[in-house]
Amino acid sequence: MTASNSSEQQLRLLAVHAHPDDESSKGAATMAMYAANGVDVMVATCTDGSRGDIQNPAMEDAPHPKRDMAGARRLEMANAAAVLGIRQRWLGFVDSGLPEGDPLPPLPPGCFALQPLERAAAPLVRLVRDFKPHVILSYDENGGYPHPDHIMAHKVAVEAFDAAGDPDRYPGTGEPWTPSKLYYDRAFSPERFRALHFALEEAGLQSPYAERLAAWLEADAEGHTPPVPGHQTTTQVDCGDYFEVRDDALRAHRTQIDPVGFFFAVSPELQRTAWPWEDYTLVKSRVTSDVPEKDLFAGIR
């Protein structure tokens with residue numbers, strides 16, 4: 001079995017995301033920082049984003065996404081990857097869309113979220129064995145938020161982390177490779193939103209996070225507060241110098257990101273003062289490192 005170790009000439013990081021644009025809203029500054037410092041960074045995009053709606057009012061009348069949303073998003077993804085200085089691969093699945101209604105409608109036949117796990121994970125196992133990442137980033141069991149494609153992206157990332165080093169699993173997908181560490185992204189951590197909210201208030205600016213924080217902090221009729229999140233931050237990557245790069249990558253996804261919307265409510269300068277990190281939970285590790293960590297490659301370097 002081939003295993004990752006500190007003797008490798010170049011460190012490699014693989015981030016597993018559900019749709020094009022997810023890589024730019026979750027962990028983008030981390031990836032840009034590592035890429036700028038010589039780490040080989042790859043994003044695996046599970047789906048084509050074909051069922052995404054246009055979220056940017058300025059793009060509502062653009063002909064390309066109306067005619068071919070998947071094609072438009074491929075171009076956006078290429079632009080975002082160039083901004084971040086990373087590589088990117090498509091895993092080849094069809095966007096499941098976000099079902100709405102009560103009761104929820106069934107998911108479209110053949111979509112990513114309805115694939116059997118081994119079929120959904122096989123392209124990622126192949127990519128892991130080819131790219132040989134030391135670290136894999138993904139979402140938690142809830143997908144970061146409960147979109148069916150995000151939940152399936154979590155499942156395939158865990159499956160690939162566990163299976164890629166086993167020569168008896170996924171035959172025909174390359175020589176085994178054992179990644180060293182698996183992290184869950186905590187882009188939506190309450191601690192971060194709380195810090196940004198108070199920083200905006202102290203600066204005399206309106207906060208868009210008040211409603212979200214109230215929902216997190218609200219007690220029920222019997223005085224019970226919400227449960228503690230299932231995963232706590234173990235690792236904070238100081239990447240504030242790359243917040244502008246992250247924002248530029250987000251804006252590259254022109255159909256999905258409103259350039260004056262939620263993601264840009266706090267200036268990079270204020271964010272560097274209030275919360276200059278991106279947060280992660282170390283979930284599985286085959287090396288020894290002490291938490292809290294400041295480096296995703298702690299114990300590997």
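As a reminder, the structure under discussion sits directly above these lines.
The structure contained in this document is the topic of the report that follows. All values derive from a computational prediction rather than experimental measurement. (Residues numbered from 1 in each chain as written. Predicted model: local features only at pLDDT ≥ 70, side-chain atom pairs only at ≥ 80, totals over all residues. Heavy atoms only, no water.)

### Comments concerning the packing of aromatic side chains
Pairs of aromatic rings are described using the distance from one ring centre to the other and the angle between the two planes. One pass over the full model with this rule turns up 9 aromatic pairs. With centroids separated by 5.2 Å and ring planes inclined at 85°, the aromatic side chains of tyrosine 34 and phenylalanine 297 adopt a geometry described as edge-to-face. Pair noted here: tyrosine 34 is in helix α2 (residues 28-36) and phenylalanine 297 is in the segment after β7 (277-285), with a separation of 263 residues, a long-range link. Note on accessibility: tyrosine 34 and phenylalanine 297 belong to one class, buried. With 6.4 Å between their ring centres and 10° between their planes, phenylalanine 188 and phenylalanine 193 make a pair best called stacked. Grouped by ring-pair contacts, the aromatic residues Phe188, Phe193, Tyr209, Phe262 and Phe263 constitute a single cluster. Across the ring face of phenylalanine 193, the terminal group of arginine 192 is positioned such that the distance to the ring centre comes to 5.6 Å. A cation over an aromatic ring shows up here: arginine 286 above the ring of phenylalanine 161, its NZ or CZ 4.2 Å from the ring centre. (Phe/Tyr/Trp six-rings, centres within 6.5 Å; stacked < 30°, edge-to-face > 60°. Helix = DSSP H or I, 4+ residues; strand = E, 2+ residues; numbered from the N terminus. Buried < 20%, exposed > 50% of the residue type's maximum accessible area, 1.4 Å probe, protein only. Lys NZ or Arg CZ within 6 Å of the ring centre and 35° of its normal.)

### Quick notes on helix α6 (residues 148-163)
End to end, α6 covers 22 Å across 16 residues, agreeing with the expected 22 Å (1.5 Å per residue, within 8%). Among the 16 residues that make up α6, 13 are buried, leaving the element largely enclosed by the rest of the structure. (Expected span 1.5 Å × (residues − 1).)

### Some thoughts on the packing of helix α5 (residues 117-131) against α6
Two elements in contact, α5 and α6, have axes separated by 8 Å at closest approach and are oriented at 55°. One element, α5, and the other, α6, form an angle in the oblique class. Considering only the axes of α5 and α6, their crossing is right-handed. Of the residues in α6, those in contact with Leu117, Ala120, Ala121, Leu124, Val125, Val128 and Arg129 of α5 are Met152, Lys155, Val156, Ala157, Glu159, Ala160 and Ala163. (Axes fitted to C-alpha atoms, helices over the stretch in contact; angles between N-to-C directions. Parallel < 35°, antiparallel > 145°, perpendicular 65-115°, else oblique. Left-handed = near helix turned anticlockwise from the far one by under 90°. Contact = heavy atoms within 4.5 Å.)

### A few points about the pairing of strand β1 (residues 12-17)
Of all 6 residues in β1, 6 are buried; the element is thus mostly enclosed. Residue alternation in β1 divides its side chains into two sets, Arg12, Leu14 and Val16 and Leu13, Ala15 and His17, and both sets are buried. Pairing of β1 with strand β2 (residues 40-47), which is carried by 6 bridges, proceeds in the parallel orientation. Bridging across to β2, arginine 12 finds its partner in aspartate 40. Pairing between β1 and strand β4 (residues 135-138): 3 bridges, direction parallel. Bridging from a neighbouring strand, leucine 13 pairs with valine 135 of β4. (Pairing = 2+ DSSP bridges.)

### Considering the sheet that holds β1
Pairing between the strands of a sheet is mediated by backbone hydrogen bonds and can be parallel or antiparallel. Taken in spatial order, the 7 strands make up an open sheet running β3-β2-β1-β4-β5-β7-β6, and their pairing is mixed. The sheet terminates laterally at β3 (87-93) and β6 (235-238), the two strands that pair on one side only. Strand-to-strand twist in this sheet, taken as the mean axis angle between neighbours without regard to direction, amounts to 30°. Here helix α4 (residues 69-84) sits on the sheet and contacts β2 and β3; the angle it forms with β3, its principal contact strand, is near 155°.

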